[in-house]
Amino acid sequence: MEEYRVEECEHDDNNNKTEEDTQMVESEQNNKDVEVAPALISVHPTQNSVAVAVGSDLRVFNFLEDCAVTLVDESGGASHNDSIRAIKYGANGKLFVSAGDDKLVKVWSTESWRCISTVCSEKKVSAVAVGNDGFHVCFADKFGVVWVVNLPGVDGAEVPLNKKAVPFLAHYCSIITSLEFSPDGRFIISADRDFKIRVTIFPKKSLDGAHEIQSFCLGHMEFVSCLAFICTSDCSQGILVSGGGDSTVRMWDIISGSLLDTCEVGAKAGQLNSDSIEGNCSTVTDICTIPDCTLVAVAIQSLRGIMLLCCDIPSQTLSVAKVVLVVGENFIPTSLGSSISGGFLWMVTGASKFRGTDLSSLSRVKVISGFKKSSPDSLEQEPVVLADTEIIGGAKLLEKLQGSISIDEKVLLAATDAVKTAMCNLLIKKQYSVEKREFRKRTRNDKKIKQ
């Protein structure tokens with residue numbers, strides 16, 4: 001059997017380049033320059049720490065020690081050298097994974113914050129998921145392939161620094177936008193740019209691939225942008241909720257693939273006054289379930305705040321409970337996070353590679369309080385957007401996660417505009433002319449070479 005390896009292919013024959021090729025190279029470079037990467041946030045399950053990724057910068061704050069974290073990566077150099085597109089804590093909080101456009105998947109121990117494994121991907125990475133047992137990391141690339149890495153020994157034994165991933169399942173050339181394990185660990189759910197959600201049974205021998213599909217959840221009319229699970233004691237596999245480019249949040253039965261309910265959040269957002277929402281962009285950019293209750297926080301493009309949905313499990317319905325606005329700032333969340341403990345919803349906005357300022361990246365963190373275990377199904381306490389001085393970790397946390405304690409309003413506005421443009425274009429299929437398609441084939445840098 002012939003083996004293949006992936007290597008960067010340099011094209012040294014510059015004499016054969018046509019003037020048209022040169023122009024296309026410049027055009028491609030310009031497009032890369034404006035490919036803005038939205039800021040991401042992830043919170044430790046028990047709120048031991050919080051992580052923010054903006055561009056290639058990974059920033060972590062440790063609440064237990066009340067200090068910024070210094071990441072230890074024995075591979076040398078920066079942890080990532082291109083935009084990070086996915087970050088996630090494992091369910092037990094022992095692992096943290098980061099991945100992105102540099103085709104690297106980094107697995108970190110959250111006790112030492114040392115990189116315990118670096119996995120090379122053939123393509124840019126678009127989503128990650130960590131198995132509930134902490135022994136499996138799955139990641140998706142932009143060609144629609146999901147890969148799996150086994151990590152035996154993460155609880156103390158040595159783990160090889162560079163492990164190989166094996167193909168696990170595929171969506172056949174459709175960008176996978178989100179990956180989630182079900183709360184009981186039986187299924188892995190993958191969503192893509194072509195409106196599909198696939199529920200796959202996670203096999204006992206993961207390295208042999210996943211071949212048994214439980215169901216497809218079909219109903220979105222545009223790309224699916226995010227997935228999350230509502231966990232209840234009555235439903236071990238959880239209730240799946242999804243958001244997408246069709247301005248809806250949908251609730252699913254993953255066993256049958258049945259659509260349980262649809263909430264038109266874009267229409268609800270459009271009813272708000274013009275100071276809260278701008279334009280007609282109402283794509284759902286992120287959703288986050290609040291642990292120990294049936295509330296779902298929704299980030300909607302151009303909405304300066306979040307929308308809270310209430311999930312009624314017995315009647316299998318979704319309804320708008322409240323809209324929480326960030327007053328006095330151009331704050332449009334790009335990512336949301338919560339933890340089992342703490343009663344807080346964490347939000348971040350920001351971007352990297354945006355033009356108009358001297359900064360290469362910017363992030364702004366806000367926190368909403370008022371989510372307590374005493375009110376699992378209702379908002380007995382009014383959710384409140386905390387002032388910077390009220391956020392746990394205070395100035396030290398903001399300086400680490402934002403890069404500075406205060407953010408200039410003009411810079412924040414520039415980043416907000418860049419994020420809106422980026423989120424509008426992030427999952428829209430690009431149309432290329434025949435000439436440009438041929439050029440991209442000639443200059444691709446991930447060809448497989450026979451050994």
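Cut-offs and rules
- Residues numbered from 1 in each chain as written.
- Predicted model: local features only at pLDDT ≥ 70, side-chain atom pairs only at ≥ 80, totals over all residues.
- Heavy atoms only, no water.
- Helix = DSSP H or I, 4+ residues; strand = E, 2+ residues; numbered from the N terminus.
- Buried < 20%, exposed > 50% of the residue type's maximum accessible area, 1.4 Å probe, protein only.
- Contact = heavy atoms within 4.5 Å.
- Areas by Shrake-Rupley, 256 points an atom, 1.4 Å probe, with all protein chains shown as cover.
- Core = buried A, V, L, I, M, F, W, Y, C linked by side-chain atoms within 4.5 Å.
- Pairing = 2+ DSSP bridges.
- Axes fitted to C-alpha atoms, helices over the stretch in contact; angles between N-to-C directions.
- Polar contact = N/O pair within 3.5 Å; in protein donor to acceptor, adjacent residues only side chain to side chain.
- Arc of directions from axis to C-beta.

Asker: Give a description of the overall build of the protein chain that names residues and reports values.
Answerer: Helix and strand content of the protein chain: 5 helices and 31 strands. Taking all 451 residues of the protein chain together, the buried fraction comes to 53%. Nonlocal contacts in the protein chain, meaning residues at least 24 apart in sequence, comprise 55% of its contacts between residues at least 6 apart. When the accessible surface of the protein chain is totalled, it reaches about 20400 Å², and 49% of it is carbon and sulfur.

Asker: So what's going on with the nonpolar core? Residues and values would help.
Answerer: Core analysis: the biggest nonpolar cluster contains 21 residues, and Val241, Val249, Val265, Ile287, Val298, Met307 and Leu309 have the highest contact counts within it. When residues of this core are traced back to their parent elements, those giving at least two are β19 (224–232), β20 (235–244), β21 (249–253), α2 (265–270), β23 (284–289), β24 (295–300) and β25 (305–312). Once residues lying within four places of it in the same chain are set aside, the contact partners of Val249 are Val241, Ser242, Gly243, Asp261, Thr262, Cys263, Val265, Val284, Ile287, Val298, Leu309 and Leu318. Listed in part, the 18 residues of the second largest apolar core include Leu95, Val107, Leu151 and Ala165.

Asker: Residue-level account of the sheet that holds strand β7 (residues 84–89), with values.
Answerer: Read across the sheet, 4 strands follow the order β7-β8-β9-β10 without closing on themselves; strand pairing throughout is antiparallel. This sheet does not close on itself; its edge strands, each paired only once, are β7 and β10 (115–120). Ignoring which end each strand starts from, the neighbouring axes of this sheet average 15° apart. Both strand β8 (residues 95–100) and strand β9 (residues 104–109) contribute to a ladder of 5 bridges, which runs antiparallel. Looking across to β9, one finds that Val97 is bridged to Val107.

Asker: Any details on the side chain of Thr248? Residues and values, ideally.
Answerer: Looking at the element boundaries, Thr248 is found in the loop between β20 and β21. There is a polar contact of 2.8 Å between the side chain of Thr248 and the side chain of Asp246. Engagement of the side chain of Thr248 in a polar contact is seen with the side chain of Arg250, the distance being 3.1 Å. For Thr248, the residues in contact, after removing those within four places along its chain, are His220, Ser242, Gly243, Thr262, Cys263, Glu264, Val265 and Val284.

Asker: Account for the sheet that holds strand β6 (residues 67–68), naming residues and giving values.
Answerer: Ordered by their spatial adjacency, 4 strands build an open sheet running β3-β4-β5-β6, and the pairing between neighbours is antiparallel. Sheet topology places β3 (40–43) and β6 at the edges, where each strand pairs with a single neighbour.

Asker: Describe unusual backbone geometry, naming the residues involved and giving the relevant values.
Answerer: A positive phi is found at Gln47, a non-glycine position, where the angle reads about 55°. Turning to its location among the elements, Gln47 is positioned in the loop between β3 and β4 (49–54). The backbone of Ser247 shows a phi angle near 65°, a positive value even though the residue is not glycine. For Ser247, the position within the fold is in the loop between β20 and β21.

Asker: Please give an account of helix α3 (residues 394–402) that cites residues and values.
Answerer: Within α3, the full set of buried residues consists of Gly394, Leu397, Leu398, Leu401 and Gln402. Down the axis of α3, the smallest arc covering the buried residues is 100°, so these residues share one side. Among the structural elements, β4, β5 (57–62), β28 (344–352) and β29 (361–369) are those in contact with the buried residues of α3. The first or second residue beyond α3 is Gly403, which carries a positive phi of 90°.

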